[in-house]
Structures are given as structure tokens and as C-alpha cells.
Amino acid sequence: MLIFLISIWVLLMLRSAFSEYYYYQSVKNLEPEVWQQLGSPKYFKIPMVFVSPNGLKLLKNITNQTVCEHAKKHRQAGIHFLLYVALVLIGSIVFFKFA
């Protein structure tokens, strides 16, 4: 059972990571003006720029459909991952409380 839970966790984490990467790349390639205004971030600085208040303002003004779809998929993947982690934690607490 533990291997099953861990494998689902890994799959959801990889899905989230890939959707995040595709979102960043779509902004970089399809919206170069926005990418320049974000400061052309590199490597580990990219996620920080995308969640900063100024970065969020710039990203909300994007009208490219591909970028918007990648943003939507990125958000959904993150929500699914966090919900799974929360459900496993709550289930574990309940299990160990009554075991």
C-alpha cells in the first residue's frame, strides 16, 4: 500500500513539475516582451519571479491562448498535487489515531 501511495505522489509531482516547466517555456518563447519585463530570470529564480506581485500583474495581462492554457494546466496540476498530499496526511492521522 505504501508503494502505491508513493508512486501516485511521484506521478503527481512529476506532472506538476512538467506543467510548470512548459508554462515557463511558453511565456519565454511566446511572450518575449513579458519575459524581458520579468527580468529574463534564470534557473531557480524563475519560480520566485512568477509568484512576485509584479510578476503576477504582468502574467495576468497575457492574452496568448497557448500561454493561458499552460497557466491553467500548471495551476490544476499544483492543486491536484496539494490535495493528494493533504488527503494522505489526513488519512494517515485518522488511521494512526484509531489503530
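Our subject is the structure listed above.
**Student:** Let's hear about the environment of tyrosine 22: which residues, and what values?
**Tutor:** Relative to the assigned elements, tyrosine 22 resides in helix H1 (residues 2-30). Residue class for tyrosine 22 comes out partly exposed when judged on its relative accessible area of 45%. Taking the C-alpha atoms as reference points, tyrosine 22 and alanine 71, separated by 49 residues in sequence, lie 8.9 Å from one another.

**Student:** Give a description of the environment of leucine 12 that names residues and reports values.
**Tutor:** Along the chain, the position of leucine 12 falls in helix H1. Placed 17 residues apart in sequence, leucine 12 and asparagine 29 show a C-alpha to C-alpha distance of 26 Å. Apart from the residues lying within four places of it in its own chain, the contact partners of leucine 12 are His80, Phe81 and Tyr84.

**Student:** Give a description of the nonpolar core that names residues and reports values.
**Tutor:** Core analysis: the biggest nonpolar cluster contains twelve residues, these being Tyr23, Tyr24, Val27, Val34, Trp35, Leu38, Ile46, Val49, Phe50, Leu59, Ile62 and Val67. Looking at this core, the elements with two or more residues in it are H1, helix H2 (32-37) and helix H3 (45-51). In this view, tryptophan 35 contacts Tyr24, Val27, Lys28, Ser40, Pro41, Ile46 and Phe50; residues no more than four positions away in its chain are not counted.

Rules behind the numbers
Residues numbered from 1 in each chain as written. Predicted model: local features only at pLDDT ≥ 70, side-chain atom pairs only at ≥ 80, totals over all residues. Heavy atoms only, no water. Helix = DSSP H or I, 4+ residues; strand = E, 2+ residues; numbered from the N terminus. Buried < 20%, exposed > 50% of the residue type's maximum accessible area, 1.4 Å probe, protein only. Contact = heavy atoms within 4.5 Å. Core = buried A, V, L, I, M, F, W, Y, C linked by side-chain atoms within 4.5 Å.

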